[in-house]
Amino acid sequence: MGRVSVDLYPEQVGVTLADVRTFRKDLGGSATNVAVAAARLGRRSAVVTRVGDEGFGRYVRQALDGFGVYRGWVRTDPVLRTPLAFCEVWPPDDFPLLFYRAPKAPDMNLEATDFDAGAVAAVPVFWTTGTGLAEEPSRTTTLEAMRSRRRRPFTVHDIDYRPMLWQDPADAVRYAKEAVALASVVVGNLEETEVATGTADPERAAAELLGMGVELAIVKQGMRGVYARRGRDSVMVPPVPVQTLCGLGAGDAFGGALCHGLLAGWDLEHLIRFANAAGAIVASRLTCASEMPTLDEVEQLLAAPPQGARASD
């Protein structure tokens, strides 16, 4: 449940938007990308969102059909336009993102009548994002959907903090905490978990999240890897060495792979290693949705010897 967009990726790498000549169009938006990533790994997924009544909205529906994601809960806003997002590709780790969501994105108008509430309350995995908390009525709709699940596994909240979408940073903190209190799994990078817990230390942040009732806390640290804790079990998974092209969408690939592993019942270390590898694959590619990895691709990367090591090491 949450954000959707049409993403436009520059085909000229290492230059500013002013110097880009051509763009590649792809489906985007964090929650939507997670649904696509899970579908690519063989899971049945759906997305709850809204689009505009124009060509880009029709493109979103067509793209979801192509990816095998159920789009029956993609509603059409009669006034607002489907959001666009542009990025600049500046390797190795800085990818400025420019959102076109004014005066308001359709997905911020999500209401309870847009989807099957009984299905949302019952699905094995329900994924929400912090972006959906930035405005009403999406905020109330998202929180009420989470409450309907009574914190059952797996109610996942991706903190997904985008400062430019919040008028007041204090509201981002308030509603991040409220969503965490309704989730069984929480995912975020260092900045995002600091919003919810007040600390940028990954181990302390995870402990704070568990103290708030979360069963599984995951703190992504970019080039330093991923720390995760479930009960007394914890793991620190190092990064997977890849040649980074565009880091956008890596977290969403991680999310779709996380959903897959949660449903498979994997132990903590295998779960995080698999999700981390999926994210690394997308970081090595230009776009997001259309380049989400398959199960074979992730397993091949995990099976490959570390860079610089001999096959017999």
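Right above here is the structure, for reference.
Residues numbered from 1 in each chain as written. Predicted model: local features only at pLDDT ≥ 70, side-chain atom pairs only at ≥ 80, totals over all residues. Heavy atoms only, no water.

The subject of this paragraph is the sheet that holds strand β11 (residues 185–189). An order of β9-β10-β11-β12-β13-β14 is seen for the six strands of this open sheet, with the pairing classed as mixed. If you trace the sheet from one side to the other, it starts and ends with β9 (126–129) and β14 (233–237), each paired once. Here the average twist between neighbouring strands, direction ignored, is 15°. Of the pairings in the sheet, the one linking β9 to strand β10 (residues 155–158) comprises four bridges and is parallel in character. Paired with T129 across the strands is D158, a residue of β10. Sheet contacts for helix α4 (residues 138–148): β9 and β10; angle to β9, the most-contacted strand, approximately 150°. (Pairing = 2+ DSSP bridges. Helix = DSSP H or I, 4+ residues; strand = E, 2+ residues; numbered from the N terminus. Axes fitted to C-alpha atoms, helices over the stretch in contact; angles between N-to-C directions. Contact = heavy atoms within 4.5 Å.)

On to the packing of helix α8 (residues 250–264) against helix α9 (residues 268–283). For the pair α8 and α9, interaxial distance at closest approach is 7 Å and the crossing angle is 150°. Here α8 lies roughly antiparallel to α9, going by the angle between them. Crossing handedness for the pair α8 and α9: right-handed. Of the residues in α9, those touching α8 at A250, A253, F254, A257, L258, H260, G261 and L262 are L271, I272, F274, A275, N276, A278, G279, V282 and A283. Residues of the contact of α8 with α9, tallied by class, amount to 13 nonpolar, four polar and no charged. (Parallel < 35°, antiparallel > 145°, perpendicular 65-115°, else oblique. Left-handed = near helix turned anticlockwise from the far one by under 90°. Nonpolar A, V, L, I, M, F, W, Y, C, P; charged D, E, K, R; others polar.)

To continue, consider the nonpolar core. Counting residues in hydrophobic clusters, the biggest one holds 58 residues, and the most contacted among them are L27, V69, V187, I218, L258 and I272. Counting residues per element, this core draws most heavily on α9, which supplies nine residues. Ignoring sequence-local partners within four residues, the contact set of I218 consists of V186, V187, G188, T193, V226, Y227, A228, F254, L258 and I272. In this structure, V48, F115, Y175 and L210 belong to the second largest nonpolar core, which totals 37 residues. (Core = buried A, V, L, I, M, F, W, Y, C linked by side-chain atoms within 4.5 Å. Buried < 20%, exposed > 50% of the residue type's maximum accessible area, 1.4 Å probe, protein only.)

All right, on to unusual backbone geometry then. Residues E136 and P137 are joined by a peptide bond in cis, for which omega reads 5°. Here P137 lies in the loop between β9 and α4. With an omega of -5°, the peptide bond between P153 and F154 qualifies as cis. Unlike most non-glycine residues, R151 shows phi in positive territory, near 60°. Considering the arrangement of structural elements, one finds R151 in the loop between α4 and β10.

A word on the sheet that holds strand β8 (residues 97–100). Spatially, β2-β1-β7-β8 is the arrangement adopted by the four strands of the open sheet, whose pairing is mixed. Each edge of the open sheet is held by one strand with a lone partner, namely β2 (23–28) and β8. Within this sheet the neighbouring strands show an average axis-to-axis angle of 25°, counted without direction. Sheet analysis places strand β7 (residues 84–87) next to β8, joined by four bridges and oriented antiparallel. If you follow L84 over to β8, its bridge partner there is Y100. Here helix α2 (residues 55–67) sits on the sheet and contacts β1 (5–10), β2 and β7; the angle it forms with β2, its principal contact strand, is near 70°.

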